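For reference, the chains in residue letters:
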Amino acid sequence: MKENKMKKDEFLVALEDILQREESCNENDKLEDYDEWDSLSKMAVMAYYDKNFKIKIGLNQLGALKTVSDLIKLAGENIND
Amino acid sequence: MEGKKNMYGSETRKGDVMVLSKFEHVKITGISTVVPPKEINIYDEAQYYDNNIKKIDRMRKMVGFWKRRIVDEDVTASDLAIQAAERLIQQMDIDKNSIDALIFVVQRSDHSAPANSFYIHNKLGLPAKCIAFDIRQGCPGWIYGLWVSSALIESGSCKKVLLLAADTPSVGIDLGDRVSAPVFGDAGCATLIDYSDKIVNSYYNITVDSSGYEAIITPASGFRLPYKKQHANCKVDINKDLYTPIKTKSGRLTTLSSVFMDGLAVFNFTINHVPKNINELFDNFKLKKEDITHFMCHQANKQIVQAVSNAIQFPLEKTPTHTFENYGNSSIVSIPVSINDNLKENIINGGDELCLCSGFGNGLACASAVLHLKDCYLSGVCDYKKPADHPTREEIINYWKHKIAESE
């Protein structure tokens with residue numbers, strides 16, 4: 001999905017909007033430290049990846065996500081440095 | 001897959017996971033919907049969110065939590081359905097003797113037996129030749145009901161079917177349950193389905209993923225888990241085992257007799273299974289999405305509706321979501337509520353509505369249809385008015401005590 005490739009910084013800003021988080025997101029942040037990392041946010045992440053990256057996140061994959069970095073890795077080539 | 005005519009002359013294909021059907025002589029001629037007048041606004045429930053309005057704003061933006069309609073405790077699904085039916089019969093000037101079948105789609109019926117449709121049949125004063133039966137289905141139930149009605153008509157068994165659907169999902173949900181309480185609203189609807197001499201095509205795809213049977217369920221709500229201590233071999237302490245609160249990982253308290261919903265599993269089913277179901281419908285019958293005027297998606301919540309619409313690459317501007325925000329997720333009835341909420345003016349003005357409808361939910365099941373609604377009578381979304389002679393629970397108990405005491 002070449003047209004949907006985004007830079008890491010752009011993704012971190014997008015992630016604030018996906019999670020509806022007022023503070024900034026950083027690559028090494030632990031998701032469990034975010035108050036906003038609830039079922040609504042998890043569904044929003046699933047929907048965002050489906051729409052923008054054509055990636056369907058399975059429930060096991062979702063449960064294995066620990067950090068923002070894991071989210072970036074999951075997007076694969078869709079997110080550049 | 002090549003289509004073939006079934007025994008009714010309709011094109012039906014069956015596989016492991018789907019039933020694809022096309023009907024040619026079935027027309028939806030009227031849809032009436034009612035909602036209870038009692039409105040709950042989530043901003044009036046701030047105490048459940050530490051009085052933090054920002055938390056509510058976030059939920060409003062992400063999933064559309066806002067307003068919902070709920071019944072008084074003494075109003076049941078059949079009450080809502082009966083009023084929707086009475087209004088439709090009156091407003092469309094329908095001869096009751098012309099109705100061949102009454103179908104009631106319901107999950108929370110008045111009694112476990114007999115079928116609730118018999119009570120409604122009696123209340124509406126329908127003739128003995130009008131058959132009556134219930135269909136027990138969740139959120140895809142209105143589409144299931146249309147599909148069964150269409151099969152009855154296309155087969156020649158019936159010419160006019162009165163399809164009722166109603167649900168009161170708010171009943172039994174504790175207001176402190178912030179997973180379920182803000183989601184669900186109550187509603188009832190009546191739909192008139194007629195035989196048409198002229199060709200009117202409608203298309204259906206119904207699919208099931210029964211591996212998700214436990215994703216939306218009330219564990220202690222029937223005969224599998226005892227609801228009476230007197231049940232044979234029942235050794236459980238009802239109050240202790242069925243009603244003692246269970247604490248979830250997030251600290252929420254619930255019980256075995258409350259609705260359990262695995263939200264992530266349901267969402268996963270929705271964004272994977274539902275688009276596939278819809279795309280199969282379009283591919284098999286060579287339909288074009290650009291011909292569809294509106295996508296009337298089950299109003300599960302705003303996030304889910306938008307995710308499904310995006311997944312099938314359908315324009316969001318033709319996919320209404322504000323019905324969820326104004327009325328909540330009314331389960332079986334959310335699609336007809338959304339049709340009445342969004343399409344009434346357009347149809348009155350002669351609009352040729354070709355709607356894609358898709359309902360999905362417990363089962364897990366999905367039912368999608370492409371329907372012509374040109375010239376269909378729409379009531380709008382009307383407030384339910386409790387009749388003056390509506391019995392209280394106490395009156396009903398006294399009635400039955402007396403009736404049983406007077407029997408042999």
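Residues numbered from 1 in each chain as written. Chains lettered and ligands numbered in written order. Predicted model: local features only at pLDDT ≥ 70, side-chain atom pairs only at ≥ 80, totals over all residues. Heavy atoms only, no water.

Asks: Even after reading the chapter, I still don't get the interface of chain A and chain B, so can you show me in this structure?
Replies: Where interface size is quoted, it is often the accessible area lost as the parts come together. Taken together, the contacts link 22 residues of chain A with 18 residues of chain B. With both chains or domains summed, chain A and chain B bury close to 1600 Å², and 64% of this area falls on carbon and sulfur atoms. Three residues, Gln20, Leu40 and Met43 of chain A, lead the burial of chain A against chain B; their summed loss comes to 36% of the area buried on that side. Linking chain A with chain B are two salt bridges, by the criterion used here. Arginine 58 of chain B is paired through a salt bridge with aspartate 38 of chain A; the nearest N and O atoms lie 3.0 Å apart. Going through the elements one at a time, α1 (8-19), α2 (39-53) and α3 (59-64) of chain A are the ones with two or more residues in the side of chain A that touches chain B. (Contact = heavy atoms within 4.5 Å. Buried area = accessible area lost by both parts, 1.4 Å probe. Salt bridge = Lys/Arg side-chain N within 4 Å of Asp/Glu carboxyl O. Helix = DSSP H or I, 4+ residues; strand = E, 2+ residues; numbered from the N terminus.)

Asks: What is the right way to read unusual backbone geometry from this model?
Replies: Trans peptide bonds make up most of the peptide bonds, and negative phi angles are found at most residues other than glycine. Residues and elements named next belong to chain B. The omega torsion of the bond from alanine 113 to proline 114 falls at 0°, within 30 degrees of zero and hence cis. Note that proline 114 resides in the loop between β6 (101-105) and α3 (116-124). Omega for the bond connecting glycine 363 with leucine 364 falls within 30 degrees of zero, at -10°, which places this linkage in the cis form. Inspection of the secondary structure assignment puts leucine 364 in the loop between β16 (354-361) and β17 (365-372). For lysine 286, which is not glycine, the phi dihedral falls at a positive 55°. The residue lysine 286 is located in the loop between α6 (263-284) and β15 (294-297) in this model. What makes lysine 286 exposed here is its relative accessible area of 71%. (Buried < 20%, exposed > 50% of the residue type's maximum accessible area, 1.4 Å probe, protein only.)

Asks: Help me understand the pairing of strand β3 (residues 26-35) of chain B, please; the structure alone is not making it clear to me.
Replies: If a strand is regular, its side chains alternate between the two faces of the sheet. All names here are of chain B. Burial runs high along β3: nine of the 10 residues are buried. As paired strands, β3 and strand β9 (residues 187-195) are joined by eight bridges and run antiparallel to one another. Note on β9: the bridge partner recorded for threonine 33 is cysteine 189. Bridge count for β3 against strand β18 (residues 377-383) is five bridges, and the pairing is parallel. Counted as the bridge partner of valine 34 is cysteine 382 from β18. (Pairing = 2+ DSSP bridges.)

Asks: Before we go on, may I ask you to explain helix α9 (residues 334-348) of chain B in this structure?
Replies: Within an α-helix, residues lying three or four positions from one another point in the same direction, as the helix has 3.6 residues per turn. Residues and elements named next belong to chain B. The end-to-end C-alpha distance of α9, which contains 15 residues, comes to 21 Å, matching closely the 21 Å that a straight helix rising 1.5 Å per residue would cover. The largest bend in α9 comes to about 50°, at asparagine 342. The complete set of buried residues in α9 reads Ser334, Ile335, Pro336, Val337, Ser338, Ile339, Asn340, Leu343 and Ile347. (Expected span 1.5 Å × (residues − 1). Bend = angle between axes of the 7 residues up to and from the residue.)

Asks: What should I look at first to understand the domain arrangement of chain B in this one?
Replies: Per the domain assignment, the segments of chain B are domain 1 (11-212 + 260-383) and domain 2 (219-257). Between the C-alpha centres of domain 1 of chain B and domain 2 of chain B there is a distance of 30 Å. (Domains from an automatic or database assignment.)

Asks: Just to check I follow, could you spell out the pattern of salt bridges for this structure?
Replies: Pairing of side chains with opposite charge becomes possible as their charged atoms draw close. Residues and elements named next belong to chain B. All told, the structure shown has 20 salt bridges over all chains when counted by the stated rule. Here lysine 55 makes a salt bridge to aspartate 50, at a shortest N to O gap of 2.8 Å. On the basis of relative accessible area, aspartate 50 is assigned to the exposed category, the value being 59%. Lysine 276 is paired through a salt bridge with glutamate 280; the nearest N and O atoms lie 3.5 Å apart. In this pair, lysine 276 and glutamate 280 both sit in helix α6, four residues apart, roughly one turn of the helix. With relative accessibility at 16%, the residue glutamate 280 sits in the buried group. A single salt-bridge network, built from bridges that share partners, covers Lys38, Asp72, Asp74 and Lys386.

Asks: Sorry, what's going on with the environment of aspartate 50 of chain B here?
Replies: Residue placement: aspartate 50 of chain B occurs in the loop between β4 (39-41) and α1 (53-63). Polar contacts involving the side chain of aspartate 50 of chain B include one to the side chain of lysine 55 of chain B, which spans 2.8 Å. (Polar contact = N/O pair within 3.5 Å; in protein donor to acceptor, adjacent residues only side chain to side chain.)

Asks: Is there a simple way to think about the side chain of arginine 178 of chain B in this case?
Replies: Residue and element names in this part refer to chain B. Mapped onto the fold, arginine 178 is located in the loop between β8 (160-167) and β9. For arginine 178, a relative accessible area of 14% translates into the label buried. Within the structure, the side chain of arginine 178 is placed 3.1 Å from the side chain of tyrosine 49, a separation counted as a polar contact. Setting aside chain neighbours within four positions, we find arginine 178 in contact with Ile42, Glu45, Tyr48, Tyr49, Arg68 and Arg252.

Asks: Before we go on, may I ask you to explain the packing of aromatic side chains in this structure?
Replies: Each aromatic ring pair is described using two quantities: the centre-to-centre distance and the angle formed by the ring planes. Overall, the coordinates contain nine aromatic pairs over all chains when judged by the stated rule. Taken together, a centroid distance of 5.7 Å and an interplanar angle of 85° make the contact between tyrosine 48 of chain A and phenylalanine 53 of chain A edge-to-face. Each member of the pair tyrosine 48 of chain A and phenylalanine 53 of chain A is classed as buried. Ring pairing ties together the aromatic residues Phe11, Tyr48, Tyr49 and Phe53 of chain A, which thus form one cluster. Here the guanidinium or amino end of arginine 21 of chain A rests over the ring plane of tyrosine 34 of chain A, the centre of that ring lying 3.7 Å away. Above the ring of tryptophan 66 of chain B, the side-chain terminus of arginine 60 of chain B is found at 3.8 Å from the ring centroid. (Phe/Tyr/Trp six-rings, centres within 6.5 Å; stacked < 30°, edge-to-face > 60°. Lys NZ or Arg CZ within 6 Å of the ring centre and 35° of its normal.)

Asks: Help me understand the packing of α1 of chain A against α2 of chain A, please; the structure alone is not making it clear to me.
Replies: The description of two helices packed together rests on the angle between their axes and the distance between the axes. Residues and elements named next belong to chain A. Close contact between α1 and α2 brings their axes to 9 Å; oriented N to C, the two are set at 130°. With respect to their mutual orientation, α1 and α2 come out oblique. Handedness of the α1/α2 crossing: right-handed. Judged by residue contacts, Phe11, Ala14, Ile18 and Leu19 of α1 engage Ser41, Ala44, Val45, Tyr48, Tyr49 and Phe53 from α2. Of the residues in the contact of α1 with α2, the class split is nine nonpolar, one polar and no charged. (Axes fitted to C-alpha atoms, helices over the stretch in contact; angles between N-to-C directions. Parallel < 35°, antiparallel > 145°, perpendicular 65-115°, else oblique. Left-handed = near helix turned anticlockwise from the far one by under 90°. Nonpolar A, V, L, I, M, F, W, Y, C, P; charged D, E, K, R; others polar.)

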